[in-house]
Amino acid sequence: ENEESLKKLPPSLAAVEYYAFGSSDPYYSEFQTAAIQTGCEIRRPGANMKNLFDVFSAIQADESDHVHTMGQCLDPTASVRSASLEKRFLFGTALA
């Protein structure tokens, strides 16, 4: 309904910073369990954020990822791995 209006407005600085720089956070990808399980590329929309519509599209995709992750957390048969936790475990084991 407001797609054309949103496409005419610039993205907020906070959104650009979060999606351009925050996506380099190692934990950013861990909430994208659907992409991890299917072998798809991790979304990093910061470079493609050209307008406010792109911001809302990224937020919508984030929320979808969170819903999938929460479903995985509630499924006792699901195996969800944490790459950053595994790295810390292996590093700690190597130091021991």
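Check the entry above for the structure.
Calculation notes
- Residues numbered from 1 in each chain as written.
- Predicted model: local features only at pLDDT ≥ 70, side-chain atom pairs only at ≥ 80, totals over all residues.
- Heavy atoms only, no water.
- Helix = DSSP H or I, 4+ residues; strand = E, 2+ residues; numbered from the N terminus.
- Buried < 20%, exposed > 50% of the residue type's maximum accessible area, 1.4 Å probe, protein only.
- Contact = heavy atoms within 4.5 Å.
- Areas by Shrake-Rupley, 256 points an atom, 1.4 Å probe, with all protein chains shown as cover.
- Axes fitted to C-alpha atoms, helices over the stretch in contact; angles between N-to-C directions.
- Parallel < 35°, antiparallel > 145°, perpendicular 65-115°, else oblique.
- Left-handed = near helix turned anticlockwise from the far one by under 90°.
- Nonpolar A, V, L, I, M, F, W, Y, C, P; charged D, E, K, R; others polar.
- Phe/Tyr/Trp six-rings, centres within 6.5 Å; stacked < 30°, edge-to-face > 60°.
- Lys NZ or Arg CZ within 6 Å of the ring centre and 35° of its normal.
- Core = buried A, V, L, I, M, F, W, Y, C linked by side-chain atoms within 4.5 Å.
- Polar contact = N/O pair within 3.5 Å; in protein donor to acceptor, adjacent residues only side chain to side chain.
- Salt bridge = Lys/Arg side-chain N within 4 Å of Asp/Glu carboxyl O.
- Expected span 1.5 Å × (residues − 1).

**Overview of the overall build of the chain**
- Secondary structure assignment for the chain yields five helices and zero strands.
- N-terminal to C-terminal, the α/β element order of the chain is α-α-α-α-α.
- Per-residue burial over the chain gives 24% buried out of 96 residues.
- For the chain, the proportion of contacts with a sequence separation of at least 24, taken over those separated by at least 6, is 64%.
- For the chain, the exposed surface amounts to about 7,100 Å²; the carbon and sulfur share of it is 63%.

**Considerations on the packing of helix H2 (residues 13-20) against helix H4 (residues 52-74)**
- Where H2 meets H4, the axes come as close as 11 Å, and the angle between the chain directions of the two elements is 50 degrees. In this view, H2 runs oblique relative to H4, as classed from their interaxial angle. Here the hand of the crossing between H2 and H4 comes out left-handed. Two secondary-structure elements touch here, H2 through Ala15, Tyr18 and Tyr19 and H4 through Val55, Ala58, Ile59 and Asp62.
- Here the residues of the contact of H2 with H4 sort into six nonpolar, no polar and one charged.

**Re the packing of aromatic side chains**
- Taken as a whole and assessed by the stated rule, the structure comprises one aromatic pair.
- A cation sits over an aromatic face here: lysine 7 above phenylalanine 53, 5.0 Å from the ring centre.

**Let's talk about the nonpolar core**
- Residues Leu6, Ala15, Tyr19, Met49, Leu52, Val55 and Ala58 constitute the largest nonpolar core, which totals seven residues.
- Elements represented by at least two residues in this core include exactly H2 and H4.

**What to know about the side chain of asparagine 51**
- Among the structural elements, asparagine 51 can be located in the loop between helix H3 (33-38) and H4.
- For asparagine 51, the side chain forms a polar contact with the main-chain nitrogen of aspartate 54, separated by 2.9 Å.

**A closer look at the pattern of salt bridges**
- By the definition in use, this model includes one salt bridge.
- We note a salt bridge from glutamate 3 to lysine 7, for which the minimum N-O separation is 2.8 Å. Here lysine 7 and glutamate 3 lie together in helix H1 (residues 3-7), a separation of four residues that amounts to about one turn.
- Judged by its relative accessible area of 36%, lysine 7 is partly exposed.

**Observations concerning H4**
- The end-to-end C-alpha distance of H4 is 33 Å, a good match for the 33 Å that 23 residues give at a rise of 1.5 Å each.
- Residues of H4 that are buried: Leu52, Val55, Ala58, Asp62, Asp65, Thr69 and Gln72.
- For H4, the side-chain oxygen to backbone nitrogen distance between the N-cap and phenylalanine 53 is 3.1 Å, and the N-cap itself is asparagine 51.

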